[in-house]
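As a plain string of letters, each chain reads:
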Amino acid sequence: METSHTASLIAVESLSASTRLFRFETGGEHLPFIAGQFYRFTFTDATGPFERSYSFSQFDPKLPMSQFELVISAVAGGRATDLLFNAALGLTVQLKGPFGRLILPADDKRCLVLVATSVGVAPFLPMLQSLEAGEHQRFDSVHLLFGVRDPTEVLFQEALLRLRSDASWFKLTVHCSRSQDASMDWQHPGYVTSGLAQLALDPKSDHVLVCGNPKMVDDVYALLRAQHFGPRSVIREKYVFAVQEKAVQGPARSSADEALLQQKMKAYGATPATDPKPLKPV
Ligand SMILES: Cc1cc2nc3c(=O)[nH]c(=O)nc-3n(C[C@H](O)[C@H](O)[C@H](O)COP(=O)(O)OP(=O)(O)OC[C@H]3O[C@@H](n4cnc5c(N)ncnc54)[C@H](O)[C@@H]3O)c2cc1C
């Protein structure tokens, strides 16, 4: 039986025209998660309770253990959007988890490639924090390919550029699909797939994590399949809408993934949750 936790909204920060950071406090409880995982939230509005999934997105190592952050993009007419973007501080939510296989690989790799579009960068934020804290030593390099429509949509730009200049192991390229502005050497016009195609990746030594809109995730996977990557070396998380979550059941965890999950969750003194059960359409 999965345990349900409770948390209260304590701060909201605007990150871009359509994206906000929501900080929650559990009241002392440390919610276990491995960087990259998500929780399933139950919200209640005038129509009743409903569920949505959100990645834990904390990037600040000084955040108290009893707090967590979500980075959420507004969806026009969205039920969770309406609730969260109009919520007063103190809003109470229920959550279960953690879920998800989008985590650092168990084995050391030559190149770790993170591919995100828009708010799909959310699960990579705590991952970059743990890489910076020392996990990067397991990889020769870590490359974040970040797809946005135009340069104003680069979430956490300052922090990402700070990491890029501090860490020789970290490469950042931003791919702007609707802008030709490539005034900085890390900006490129086009899609993340064109940036990915230029990397000389090797399925034997490299590992790719992909998160964001389903079409981008499929396009990236098709490109990597043509380079002989498979489901063990490309881990995908699609930010599907709630009604589509039912149809997206990831492949079973590999024994290496399972061992890593068990080992990390043991360190947290918690039991890993199973992958989420299908949701009823809401
Ligand atoms: C594993 C997982 C993790 C996720 N993590 C995050 C996260 O960290 N941050 C985040 O912002 N989102 C995340 N999502 C998406 C999130 O769960 C919601 O689907 C999203 O916030 C929209 O919810 P809503 O209730 O506002 O919209 P809904 O009420 O679900 O949708 C309203 C309408 O908009 C359409 N719609 C919904 N989403 C989109 C979209 N993105 N683009 C265009 N049309 C859309 C729907 O089809 C519907 O017609 C995640 C999804 C999954 C499956």
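Refer to the structure presented above.
Just so it is clear, the model here is predicted, and its values are computed rather than measured. (Residues numbered from 1 in each chain as written. Predicted model: local features only at pLDDT ≥ 70, side-chain atom pairs only at ≥ 80, totals over all residues. Heavy atoms only, no water.)

A. Representation of the environment of Gly 195 within the structure. Of note, Gly 195 is situated in helix 4 (residues 192-197). Relative accessible area serves as the criterion here: at 10%, Gly 195 is assigned to the buried category. Ignoring anything within four residues of it in the chain, the contact list for Gly 195 reads Leu 145 and His 175. (Helix = DSSP H or I, 4+ residues; strand = E, 2+ residues; numbered from the N terminus. Buried < 20%, exposed > 50% of the residue type's maximum accessible area, 1.4 Å probe, protein only. Contact = heavy atoms within 4.5 Å.)

B. Representation of the site of the ligand within the structure. Close contacts around the ligand come from 21 residues, with Arg 52, Ser 53, Tyr 54, Thr 81 and Phe 241 the closest. Within the backbone of Ser 55, a nitrogen or oxygen atom sits 3.2 Å from an oxygen atom of the ligand. Protein contact buries 74% of the 950 Å² of open area that the ligand shows by itself. Within the residue set of the shell around the ligand, elements represented by two or more residues are strand 4 (48-55), strand 5 (67-73), helix 1 (79-85) and strand 12 (234-238). Of the residues contributing to the shell around the ligand, the split by class is 11 nonpolar, five polar and five charged. (Near = heavy atom within 4 Å. Polar contact = N/O pair within 3.5 Å; in protein donor to acceptor, adjacent residues only side chain to side chain. Areas by Shrake-Rupley, 256 points an atom, 1.4 Å probe, with all protein chains shown as cover. Nonpolar A, V, L, I, M, F, W, Y, C, P; charged D, E, K, R; others polar.)

C. Region of the structure containing the nonpolar core. Counting 37 residues, the largest nonpolar core has Leu 114, Phe 124, Leu 128, Leu 144, Phe 146, Leu 160 and Phe 170 as its most contacted members. Aside from chain neighbours lying at most four places away, what touches Phe 146 is Ala 116, Thr 117, Ser 118, Val 121, Glu 153, Val 154, Leu 155, Leu 160, Thr 173, Val 174, His 175 and Val 192. In terms of nonpolar packing, the next biggest core, distinct from the first, is built from 22 residues, Tyr 39, Phe 50, Phe 56 and Leu 95 among them. (Core = buried A, V, L, I, M, F, W, Y, C linked by side-chain atoms within 4.5 Å.)

D. Expanded view of unusual backbone geometry. Here the amide bond leading from Gly 97 into Pro 98 is cis, since omega sits at 0°, within 30 degrees of zero. Mapped onto the secondary structure, Pro 98 falls in strand 6 (residues 92-99). One non-glycine residue, Ser 118, lies in positive phi territory at about 50°. Relative to the helices and strands, Ser 118 resides in the loop between strand 7 (109-117) and helix 2 (124-132). Phi at His 228 is positive, roughly 75°, even though this residue is not glycine. The topology assignment puts His 228 in the loop between helix 5 (214-225) and strand 12. Of the residues examined, His 228 reaches a relative accessible area of 68% and is grouped as exposed.

E. Quick look at the packing of aromatic side chains. The tally for this structure, following the rule as stated, stands at 14 aromatic pairs. With centroids separated by 5.9 Å and ring planes inclined at 15°, the aromatic side chains of Phe 41 and Phe 43 adopt a geometry described as stacked. Both residues of the pair, Phe 41 and Phe 43, count as buried. Ring geometry for Phe 43 versus Phe 50: centroids 5.7 Å apart, planes at 50°, classification tilted. Through successive ring pairs, a cluster of aromatic residues spans Phe 24, Phe 33, Tyr 39, Phe 41, Phe 43, Phe 50, Tyr 54, Phe 56 and Phe 68. We note Arg 40 situated over the ring of Phe 99; from NZ or CZ to the ring centre the distance is 5.8 Å. (Phe/Tyr/Trp six-rings, centres within 6.5 Å; stacked < 30°, edge-to-face > 60°. Lys NZ or Arg CZ within 6 Å of the ring centre and 35° of its normal.)

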